[in-house]
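# Overview (structure and organization)
Listed below are the residues making up each chain.
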Amino acid sequence: MAIEEITNPDTFRAALKEHKVVVADFHALWCGDCKMIDPFLKKHAADEKFSDVYFCKIDVDVLQDLSKELSIRRMPTFILFRDGNRVEDIFEPKPPQLDAFLAKAL
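As annotated in an unreviewed UniProt entry, the protein carries the name Thioredoxin and comes from Cordyceps confragosa. Check the Sequence similarities (unreviewed entry) section of the UniProt entry for the protein; it says "Belongs to the thioredoxin family."

This is the structure:
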């Protein structure tokens, strides 16, 4: 599945209602760690075993109010939602940590 870039908070809230499992990547264009981990996220999003997981990216500079609402303070921050509920967060992960985090989405 492709990773959808969310630019509207209503689109994000609708995704939480529409999809059972959502992985949200809160990032910034200027963030070096965000750029480093992005290829690993894309690899997982394209993997068939994650076909039921909705992946999205949210630029903290574009959706500042949503980022504040969700208490995003470090980038990248990945949040796992299940049935619209926030299940787990991971901050500034290295690839092995991201692998373990995403395994919880299955």
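Past the structure itself, the notes keep going.
What follows covers the pairing of strand β3 (residues 53–59). Burial analysis of β3 places seven of its seven residues in the buried class, the great majority of the element. The alternating pattern of β3 places Val 53, Phe 55, Lys 57 and Asp 59 and Tyr 54, Cys 56 and Ile 58 on opposite faces, both of which are buried. The pairing of strand β1 (residues 4–6) with β3 spans three bridges and is classified as parallel. Bridge assignment links Glu 5 to a residue of β3, and that residue is Lys 57. Following the backbone out of strand β2 (residues 21–27), through helix α2 (residues 32–46) and into the adjacent parallel β3, one traces a crossover that is right-handed.

What counts as what
Residues numbered from 1 in each chain as written. Predicted model: local features only at pLDDT ≥ 70, side-chain atom pairs only at ≥ 80, totals over all residues. Heavy atoms only, no water. UniProt positions renumbered as here; feature names shortened; annotations may be inferred. Buried < 20%, exposed > 50% of the residue type's maximum accessible area, 1.4 Å probe, protein only. Helix = DSSP H or I, 4+ residues; strand = E, 2+ residues; numbered from the N terminus. Pairing = 2+ DSSP bridges. Right-handed = clockwise from strand over helix to strand, strands pointing away.

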